[in-house]
Structures are given as structure tokens and as C-alpha cells.
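Given next are the chains, with one letter for each unit.
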Amino acid sequence: MRVLFWVQHLLGIGHVRRAELIARAMVEAGLEVTIAQGGFPVAGAGFGGASVAALPPARVRDAHFSPLLGAGDRPVDDAWRARRAAALLALAREVRPQILLLETYPLGRRAFGFELDPLVDLVRAQPTCRLVASSVRDILVRKAKPEKERQMAAAARRLVDLVLVHGDPAVLPLEASFPAAAEIRDLLRYTGFVAPARDAVALPAGAAQAAGAEIVVSVGGGAVGFDLLRTAIDAARLLGEGGPAWRLLVGPDIAEDGLAALAAHAGGTPWVVVERARPDFPALLGRAALSVSQAGYNTVMDLLTAGCRAILVPFARGGESEQTDRARLLAARGLATVLPEAGLGAERLAGVVAEALARPRPGPAPGLAVDGARESARILAEEASRRGA
């Protein structure tokens with residue numbers, strides 16, 4: 001069964017990482033998957049046997065999510081939109097998918113309606129089409145105006161057959177961050193959280209002992225994490241050399257000059273290592289004394305799977321509420337300490353790190369459904385088969 005999976009990351013790489021796990025699970029389930037990749041290339045990204053078709057890439061510069069930027073960081077124009085829509089429609093004609101899966105849209109990514117509404121129309125008109133679905137994370141960014149949420153729900157009703165929610169309703173139903181979800185409750189299918197297998201990534205030989213005494217500081221892709229990394233270096237300096245070593249992981253969205261600036265700032269503190277983000281990140285967390293991070297979906301999934309102590313500094317600029325909501329949820333379950341991003345300083349971070357290290361390691365979060373990638377593949381295949389019968 002053929003799947004066309006539209007994936008678009010704009011700021012950070014979390015959407016790509018989640019899409020990777022879902023794509024791999026679909027391939028493992030025997031589906032023939034083509035990724036319509038709308039973002040700029042992500043180092044190390046792999047979709048596990050799926051074909052990847054690159055669209056003219058787009059991104060945003062900051063948390064305002066406007067304007068859309070294309071090659072050379074030039075704002076996109078109508079001619080760019082026409083080229084990109086044409087490329088996507090041509091891909092759909094070639095693939096002739098039985099399943100069309102849209103990452104986030106129409107409950108987000110509304111700036112891409114120019115290509116996705118025509119895409120849905122084209123795919124539905126093909127005799128091969130059985131199912132159109134949306135893939136959304138556990139928490140959506142809250143909207144200030146309820147009418148916007150109602151419009152999003154109406155668009156979902158019009159465009160898709162299912163909305164896969166990558167969370168657990170017993171932990172947090174989608175309505176908690178998106179009240180209009182009540183209007184499309186019949187479309188919602190909860191998959192559980194999309195998390196990597198605990199043994200999916202192993203540490204290099206001989207690295208386990210060194211990793212076990214570390215404080216791991218990470219910022220995902222890093223597009224909005226430079227300040228947290230710099231503050232962590234200052235906090236490490238305040239705490240001194242007597243405690244655990246610090247390992248700062250610099251995401252791919254921080255340029256080489258940013259990496260060099262952080263390494264220079266850490267000069268004279270041999271207990272602080274500054275390096276690029278690593279593919280063995282989940283394994284590092286599994287052996288870490290403490291994690292300090294933002295509260296993006298994928299990082300939190302890694303934390304829940306690893307079961308390490310955690311300090312979360314949720315990204316909250318530009319009206320973003322998603323990470324704050326997720327961080328508070330974990331704190332309420334005793335699985336993390338939350339520090340607001342606004343006004344965070346080295347002394348405050350150092351004090352909370354010392355307090356966190358004195359607490360017991362929580363261990364993997366009990367009772368959470370974390371096989372969301374495989375469940376997503378199962379739901380899509382079964383629903384498409386049912387509708388094609």
C-alpha cells in the first residue's frame with residue numbers, strides 16, 4: 001500500500017525526528033512510503049527505507065514564524081509558491097497514494113494551505129485514494145481567539161478522514177490545548193507517544209562509565225537554544241569541578257561560529273565539554289546524572305524513556321505555549337523540574353541543578369503508551385484496508 005507523507009519543519013527539527021520514527025514504522029509494516037520533504041536538509045536524518053522527494057525548501061528565522069524563507073534566506077513569493085505546489089502535485093500524480101498523511105496540517109502549518117488544499121483535492125480525485133489523515137503531536141499551541149480554533153476544526157472536518165494524535169488521552173487529551181478538538185472527536189485516534197526504543201541507540205564501547213557521571217545539556221536542533229547553552233556554561237563554572245562533568249550538545253541549527261563561541265566561553269572549565277548533538281543522545285540520557293533541556297516533544301520522549309532526572313526550560317517566546325504545557329505536565333507527575341525561560345540566570349540554574357542531583361533518579365515513566373510510531377502505522381494500514389474493502 002502506497003503512502004505519501006508530507007513533512008515540513010520550520011524552526012527546529014522535532015517534526016522531522018518524529019516523522020522519521022513514523023516513516024520507519026510504516027516501512028516495517030510493509031507500506032511503500034514516499035516522504036515529501038519541505039524543509040531544509042537535516043544532518044543525519046533517515047527515514048528507514050522510505051523514498052524522499054525534496055520540495056523547494058522553506059524555513060522561518062524565529063518564533064514569529066513569519067515570513068517564510070526559501071533558498072538564500074529570501075522571503076518566498078507567489079512564483080515560489082507556484083513552483084512548490086506544482087512540484088508537490090506532480091509527486092502525487094507519480095506516487096498515486098492510497099494513503100495521504102499530512103504532518104500537522106490542517107491543525108497547524110496553515111501557511112502551506114496554498115499547496116495542501118490542492119493536494120488533498122488531487123489525491124481524493126485519484127481512484128487509488130483510500131485515506132487522508134493528519135499527524136499531530138500531543139499538544140497544540142493555544143490560540144488567543146476561539147474562532148481560529150473553530151476554523152481549524154472545520155478545516156479538519158473538510159479535509160481529512162482521521163487525525164492521529166501522538167499522545168495519551170489519559171495523560172493529556174488534545175482538548176486541553178485545543179478546545180475545538182471536541183468538535184472533531186470522532187476523527188481523533190490516539191496513538192500513544194512516538195518515542196525511540198530504549199535500546200535503539202547504544203553508546204560507543206567504553207563510553208558508558210564516562211557518561212554516567214554527566215549532566216547532559218541539550219537544545220534539540222538549537223534554533224532557539226543558544227542562550228540556554230551559554231547559561232549552562234556559567235552555571236557549571238559556579239558549581240565548580242567537584243561534581244559531575246557537563247556535556248553540552250549543540251544542535252545543527254546553531255552555526256559553526258555559534259559552536260566556536262560556546263567552546264570559547266567554556267574555556268578554562270575542563271569539566272565542561274561542548275560538542276555537536278550526537279545520535280546516541282537517548283543512550284546518553286539513560287546513563288546521565290541529570291538532563292537540562294528545553295521541552296520539545298522529542299526531547300521529552302527521550303527523557304521519559306530514559307528515566308533520568310530532568311530540568312526543563314521550556315521555549316516560550318513568540319506566544320509559544322506548547323513546551324510550557326508539556327513541561328508543567330511532567331512536573332505535576334514528579335518527573336521534572338521546570339524553570340521559566342524568562343529571566344533565567346546562571347545562579348538560579350546552578351541552584352536548581354544542585355537540588356535536582358540530590359533527588360532520586362525517577363526511572364522510566366510508568367504507564368505511558370510510548371509505541372506511537374508502530375500504532376500509527378497499524379491504524380493507517382487497517383483503516384485504509386477497511387475503506388478499500
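Everything below is about the structure printed above this text.
Residues numbered from 1 in each chain as written. Predicted model: local features only at pLDDT ≥ 70, side-chain atom pairs only at ≥ 80, totals over all residues. Heavy atoms only, no water.

Take the pairing of strand β8 (residues 214–218) next. Successive residues of a regular strand alternate their side chains across the two faces of the sheet. For β8, the buried fraction is high: 5 of the 5 residues fall into the buried class. Burial along β8 is two-sided: the face carrying E214, V216 and S218 and the face carrying I215 and V217 are both buried. When β8 meets strand β9 (residues 245–250), the two strands line up parallel, connected through 5 bridges. Bridging across to β9, S218 finds its partner in L249. The parallel pair β8 and β9, bridged by helix α6 (residues 226–239), forms a crossover whose chirality is right-handed. Strand direction decides the pairing type here: β8 and strand β11 (residues 290–293), joined by 4 bridges, are parallel. Bridge pairing in β11 links V216 to S291. (Buried < 20%, exposed > 50% of the residue type's maximum accessible area, 1.4 Å probe, protein only. Helix = DSSP H or I, 4+ residues; strand = E, 2+ residues; numbered from the N terminus. Pairing = 2+ DSSP bridges. Right-handed = clockwise from strand over helix to strand, strands pointing away.)

Ranked by size, the top nonpolar core spans 58 residues in total, and within it F5, M26, I35, L101, L304 and L380 carry the most contacts. Element by element, the count of residues in this core is highest for helix α1 (residues 14–28), at 7 residues. Each residue touching L380, except ones within four places of it in the same chain, is listed here: M26, I99, L101, L131, A133 and L164. Among the nonpolar cores identified, the runner-up in size contains 44 residues, and L68, W80, V95 and V165 belong to it. (Core = buried A, V, L, I, M, F, W, Y, C linked by side-chain atoms within 4.5 Å. Contact = heavy atoms within 4.5 Å.)

Mapped onto the elements, D138 comes out in the loop between β5 (131–137) and α4 (146–159). Within the local environment of D138, its side chain forms a polar contact with the side chain of R326, the two groups lying 2.6 Å apart. Look past the residues within four positions of D138 in its chain and what remains in contact with it is V165, H166, G167, L174, S177, F193, Y297 and R326. (Polar contact = N/O pair within 3.5 Å; in protein donor to acceptor, adjacent residues only side chain to side chain.)

Turning to the sheet that holds strand β13 (residues 337–338), a few remarks are in order. Spatial strand order, β10-β9-β8-β11-β12-β13: 6 strands in an open sheet with parallel pairing. If you trace the sheet from one side to the other, it starts and ends with β10 (272–276) and β13, each paired once. With respect to the sheet, helix α11 (residues 346–357) is in contact with β8, β9, β11, β12 (310–312) and β13, its orientation differing from that of β11 by roughly 145 degrees. (Axes fitted to C-alpha atoms, helices over the stretch in contact; angles between N-to-C directions.)

Across the interface, α1 lies against helix α12 (residues 372–388) with an axial gap of 8 Å and an inter-helix angle of 55 degrees. Taken together, the axes of α1 and α12 are oblique relative to one another. Between α1 and α12 lies a crossing of right-handed hand. Residue-level contacts link L21, I22, A25, M26 and E28 of α1 to A373, R374, S376, A377 and L380 of α12. Here the residues of the contact of α1 with α12 sort into 7 nonpolar, 1 polar and 2 charged. (Parallel < 35°, antiparallel > 145°, perpendicular 65-115°, else oblique. Left-handed = near helix turned anticlockwise from the far one by under 90°. Nonpolar A, V, L, I, M, F, W, Y, C, P; charged D, E, K, R; others polar.)

Our next topic: the environment of L159. Note that L159 resides in helix α4. Linking L159 and E183, residues 24 residues apart in sequence, is a C-alpha distance of 14 Å.

Attention now goes to the pattern of salt bridges. On inspection of all chains with the given rule, the structure shows 25 salt bridges. Here D138 makes a salt bridge to R326, at a shortest N to O gap of 2.6 Å. Of this pair, D138 sits in the loop between β5 and α4 while R326 sits in helix α10 (residues 322–332), and the two are 188 residues apart along the sequence. In this structure R326 comes out as buried when scored by relative accessible area, which is 1%. Put simply, R124, D161, R189, E383, R386 and R387 are held in one network by salt bridges that share partners. (Salt bridge = Lys/Arg side-chain N within 4 Å of Asp/Glu carboxyl O.)

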